[in-house]
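# Commentary on secondary and tertiary structure
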Amino acid sequence: MDSRKRLEALRLLLAQHSHYYYDLDDPQISDGEYDRLFQELLQIEGAHPDWITPDSPSQRVGGAPLDKFNQVEHRLPMLSLENAFDEKDLYAFEERLLRFLLQDTTLSYMTEPKLDGLAVELVYEQGLLVQGSTRGDGKLGEDITAQLRTVSSIPLRLRKNAPTRLEVRGEVFMDRSGLDELNRQRAESGEALFANPRNAAAGSLRQLDPRVTAQRPLRFFVYGVSEPSGTGCHQQQTLLQFLADLGLPVNSLIAFCPDMASVVRRFSELSALRHDLAYEIDGMVVKVNDFSLQTRLGEKARAPRWAIACKFPAIQATTRILAVDFQVGRTGAVTPVAILEPVDVGGVMVSRATLHNGDEIRRKDLRIDDTVLIQRAGDVIPEIVKAVVEKRKGSEEAIVIPVHCPVCSHPLVKPEGEAVTRCVNPHCSAQRLRSLVHFCSKAGLDIDGLGKKSVEQLFGLHLIQDLPDIFQLQKDDLIHLEGWGEKSAEKVLLGINGAKTPPLSRFLAALGIRYIGEVTAGLLEETFHSLQNLLMATEEELLEVEGLGEQAAKSIVDYFSDSDVRKMFVKFQEAGVMPEAAKQREEKLLLSGEVLLFTGSLKKLSRTEAKKLVKDNGGQIASGVTKKLTCLVVGDKPGSKVKKAREKGKKILTEDQFLQLLEG
Ligand code: IVH
């Protein structure tokens, strides 16, 4: 196949698989295979830059940062919705509709979950995404095309038969788990947390650097178009089907309701369902189904007459602040946490709430023993809304931010202009423990079996005190510990071994240097290619890296010039830890060039673990006994694959031999 054709084929394949992965939650190929197709695409585009089109999946990674957001005028205004709160309001809505239409018939409706995110408009011309914008004030929004291109569930190209121009509207949002993880990372680097998915979505889209947006787990659902008449559809229900057929993601919880009684039933169904959803919804949108009726009903100043948002009641409760705990994070940030009298907030028992920092406590004037109103903000982190001042008895006590670290007793500092109080003792055991946890976690080197609990256990037993210690762990250190056995120890050691040659960017992000997250770490790897080069870099050289700010540059220089850090790097080296840039890595890993396949049931590893090991060690997974296959790993009760592989003269290993191979 010539490379032009192959490129077209790759784009289609990648778009298809990303649809399976993101919209249908049903991946059809492994992550490794996807990456490989993606690399192949990048390779062809690298050789033929003039073939890159805006709808290529390669354009999703985020282009160069913008100086500012340009304004976009919506051809037709993006309206907002009036609110209803209960059954009574819904029937009143229907009454208004009937009065306006001078009609006494039953109306039918479409009901859709009201997602808690950010409204956006996407413009497709000849099926290609050409512009994306925020709602703004309804008339003027901001051009966030580059940012929206990075959202995987937004198609860059519509399927066949798209109208010449189509302006669709929908909501960009973040899953609960995505928001939790993002907030966890932000808490660790001392950044302010996002209170709800809407703020998180807005904060992620309003990033001048689209590469930052690309790292955020954003999703999208479409719920309408600017002008239904251009689509040939006559009802909201058929419009949503039409949009789905074009490849746009439509929420699966939409429901047609033949009358208002059924709308009311659907509202209670959704209220019950909402807590089990992966994302936050804050109500249900009810729309008159027929477009001819919608047109007759028209709109008022800011909202259409033909739709209403029925909101779920806010999930709030009152309780009492029993005490305040001070937690020391990885960067030394001391965070006050209120210990609450346990209370049920919409089905979840809440007994702690973060107070963020001293400024926040002062602003809300919170005291120990106060009765407080709490809510689960965006259903994620419990938050204290305010103190119920009327309930004060006079015996409440002020919350005092300590002047010494609650863990190591070192004096705390609060830099001028910052809200955060910090322990600056690099030997503080709380910081060391948090750093270790981060280093091994998914955001760090992702070492299997070294989750928070295990790290805390090993730290408590003084088996690991600093990061390089992890690489000195021996089987004998582990097998006799509570909760450990031969199998789990072997597995962890294998993971640790695999983590000795991490990608440089991953290693840098794992170190937990202030202001150096995944994105910045990626920039550093791209620019400096090796740890040695980076260690030698001056602040001036760092400032030349596009996308790297002053704070980050200074933070890196400070970090690497610290004598303890230097000593730690000597220990890393002694332990054989050698982070590598992408290029070197591909050439040198144990399974580079190998294409493996597993068959039969494995004893020591799950399939997922086995595949991850292959990937981490530079190998690939075959889809069957193909020409590309270099080695078949055979477990118990294998099928016909063994015979096939033998006939083709392929290498065959048992599970143990495979594991030995990885031990190098
Ligand atoms: S329809 C003219 N449908 O709610 C119709 N909006 O206050 C306007 N929203 O800004 C929007 N889910 O961001 C519609 N299924 C849905 C929605 C939805 C969420 C948001 C949207 C809008 C706000 C209305």
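This report concerns the structure included in the present document. Computed from a prediction, not measured in an experiment: that's the story for all the values here.

## Considering the site of the ligand
Surveying the vicinity of the ligand reveals 14 residues, the closest of which are Glu-112, Ala-119, Glu-171, Tyr-223 and Lys-287. Contact distances for the ligand include 3.4 Å between an oxygen atom and a side-chain N or O atom of Tyr-223. Burial of the ligand by the protein amounts to 87% of the accessible area it has alone, namely 510 Å². Ranked by residues supplied to the shell around the ligand, first place goes to strand β3 (residues 109-115) with four residues. Looking at side-chain class alone, the shell around the ligand contains eight nonpolar, one polar and five charged residues.

## Notes on empty space enclosed by the protein
Rolled over the atoms, a probe with the dimensions of a water molecule shows which regions are left empty. If you walk through the whole model with that rule in mind, you get one cavity of 30 Å³ or more. Of the pockets and cavities examined, the largest cavity occupies roughly 30 Å³. Taken together, Thr-354, Leu-355, His-356, Glu-360, Lys-364, Leu-366, Glu-383 and Ile-384 make up the full set of residues lining the largest cavity. By residue class, the composition of the lining of the largest cavity is three nonpolar, two polar and three charged.

## Let's talk about the environment of Val-595
Summarising the element assignment, Val-595 is placed in strand β21 (residues 595-599). The exposure class of Val-595 is buried, given its relative accessible area of 8%. Between the alpha carbons of Val-595 and Lys-391 there is a distance of 69 Å; along the sequence they are 204 residues apart. The residues touching Val-595, leaving out its near neighbours within four places in the chain, are Gln-620, Ile-621, Ala-622, Lys-628, Leu-629, Thr-630 and Cys-631.

## Digging into the pairing of strand β23 (residues 631-634)
Burial along β23 is two-sided: the residues Cys-631 and Val-633 and Leu-632 and Val-634 are all buried. You can see the chain leave β23, run along helix α24 (residues 641-647) and come back into strand β24 (residues 651-654), and the turn it takes is right-handed.

## Section: the pattern of salt bridges
Summed over the entire model, instances satisfying the criterion amount to 43 salt bridges. Linking Lys-612 and Asp-446 is a salt bridge whose minimum nitrogen-to-oxygen distance equals 4.0 Å. Within this pair, whereas Lys-612 is found in helix α23 (residues 607-616), its partner Asp-446 is found in the loop between α12 (429-440) and α13 (452-460), the two being separated by 166 residues in sequence. Using a relative accessible area of 27% as the deciding quantity, one classes Lys-612 as partly exposed. For Asp-558, the salt bridge is made with Lys-554, and the minimal N-O distance between the two is 2.9 Å. In this pair, Asp-558 and Lys-554 both sit in helix α20 (residues 550-561), four residues apart, roughly one turn of the helix. Each member of the salt-bridge network shares a partner with another, and the members are Arg-75, Glu-125, Arg-165, Glu-167 and Glu-227.

## Overview of the packing of α12 against α13
Each pair of packed helices gets described by two things: the angle between the helix axes and the distance between those axes. Two elements in contact, α12 and α13, have axes whose closest approach is 9 Å; the angle formed by their N-to-C orientations is 140°. Between α12 and α13, the interaxial angle falls into the category oblique. For the pair α12 and α13, the crossing hand works out as right-handed. Note on element contacts: α13 touches α12 through Lys-452, Val-455, Glu-456 and Phe-459, opposite Ser-429, Arg-432, Leu-433, Arg-434, Leu-436, Val-437 and Cys-440. Tallied by class, the residues present in the contact of α12 with α13 amount to six nonpolar, one polar and four charged.

## Re the sheet that holds β24
Hydrogen bonds between backbone groups are what pair the strands of a sheet, and the pairing can be parallel or antiparallel. What the four strands build is an open sheet, ordered β22-β21-β23-β24; its pairing is parallel. Both edges of this open sheet fall to β22 (620-621) and β24, since each of them pairs with a single strand only. Here two bridges tie β21 to β22, and the two strands are oriented parallel to one another. Following the sheet pairing, Leu-596 is matched in β22 by Ile-621. Most of the contacts of α23 go to β21, to which it runs at about 170°, and overall it touches β21 and β22.

Definitions and limits used
Residues numbered from 1 in each chain as written. Predicted model: local features only at pLDDT ≥ 70, side-chain atom pairs only at ≥ 80, totals over all residues. Heavy atoms only, no water. Near = heavy atom within 4 Å. Polar contact = N/O pair within 3.5 Å; in protein donor to acceptor, adjacent residues only side chain to side chain. Areas by Shrake-Rupley, 256 points an atom, 1.4 Å probe, with all protein chains shown as cover. Helix = DSSP H or I, 4+ residues; strand = E, 2+ residues; numbered from the N terminus. Nonpolar A, V, L, I, M, F, W, Y, C, P; charged D, E, K, R; others polar. 1 Å grid on protein atoms, 1.4 Å probe; cavity = no way out; pocket = protein on both sides within 12 Å on 5 of 7 lines; lining within 4 Å. Points joined across faces, edges and corners; volume = space filled by probe spheres on them. Buried < 20%, exposed > 50% of the residue type's maximum accessible area, 1.4 Å probe, protein only. Contact = heavy atoms within 4.5 Å. Right-handed = clockwise from strand over helix to strand, strands pointing away. Salt bridge = Lys/Arg side-chain N within 4 Å of Asp/Glu carboxyl O. Axes fitted to C-alpha atoms, helices over the stretch in contact; angles between N-to-C directions. Parallel < 35°, antiparallel > 145°, perpendicular 65-115°, else oblique. Left-handed = near helix turned anticlockwise from the far one by under 90°. Pairing = 2+ DSSP bridges.

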